[in-house]
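# Architecture at a glance
One-letter residues, chain by chain:
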Amino acid sequence: MRDAEEFDAFYASSAQRVLGQVYAMVGSRTEAEDAVAEAYARAWGRWSTVRECDSPEAWVRKVAYRVAVSAWRKAVNRVRAHRREAVGQQVEAVSVDHVALVAALRRIPAEQRRVIVLHHLVGLSVTEIAVETRTNPNTVKTRLARGRRGLANYLTGGEHQTTGGRSHGA
């Protein structure tokens, strides 16, 4: 019974945080909820191993992200196979700033979005992100810099005023 109590405590202390982080990475609350639920189910099935990880929460987040990406790939393949267009999903916003940030995050490439979320929302260091994403720290730094530039561009409305990485205009 100790395992169940330990896992329940882990879940209670981390599930909402992980859900928010995965939602920010994938841009769909529904997909994030499904992926996070699957990741916690897998963590429970392997709890004796997962609990020994340096960060069980990072393990769950990584699995949830992979589950979400896999689901996305399957959906894209289904759409291609059936020659249908995917319908955009509406995001329930709590503020204008929230809507703008979610929209800007959706406009930058997925790998840039992922490192931005892991660094700024999760609070991971460049080294920790490199380990989690299986890339080197310089790649993480590059993605962070490009992601920040992209977000700044979209958040300031300058998306049509850039050339060569430099903004022109007022």
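An account of the accompanying structure is given in this report. (Residues numbered from 1 in each chain as written. Predicted model: local features only at pLDDT ≥ 70, side-chain atom pairs only at ≥ 80, totals over all residues. Heavy atoms only, no water.)

Counting secondary structure elements, the chain contains eight helices and two strands. When the helices and strands of the chain are read in sequence order from the N terminus, they spell out α-α-α-α-α-α-α-α-β-β. Counting every position in the chain, which comprises 170 residues, the buried fraction comes to 34%. Look at the contacts in the chain between residues 6 or more apart in sequence, and 61% of them connect residues 24 or more apart. (Helix = DSSP H or I, 4+ residues; strand = E, 2+ residues; numbered from the N terminus. Buried < 20%, exposed > 50% of the residue type's maximum accessible area, 1.4 Å probe, protein only. Contact = heavy atoms within 4.5 Å.)

This part covers the side chain of Q112. Considering the arrangement of structural elements, one finds Q112 in helix α6 (residues 110–122). Take Q112: its relative accessible area is 13%, and that puts it in the buried class. The contacts of Q112, once residues within four sequence positions are left out, are R143, R146 and G147.

Here the focus is the packing of α6 against helix α7 (residues 126–133). For the pair α6 and α7, interaxial distance at closest approach is 10 Å and the crossing angle is 135°. In terms of their interaxial angle, α6 and α7 are classed as oblique. Classified by chirality, the crossing of α7 by α6 is right-handed. In this structure, α6 contributes R114, V115, L118 and H119 to the contact, and α7 contributes I129, E132 and T133. Taken together, the residues of the contact of α6 with α7 break down into three nonpolar, two polar and two charged. (Axes fitted to C-alpha atoms, helices over the stretch in contact; angles between N-to-C directions. Parallel < 35°, antiparallel > 145°, perpendicular 65-115°, else oblique. Left-handed = near helix turned anticlockwise from the far one by under 90°. Nonpolar A, V, L, I, M, F, W, Y, C, P; charged D, E, K, R; others polar.)

Bear in mind that shape data such as this cannot, by itself, settle questions of function.
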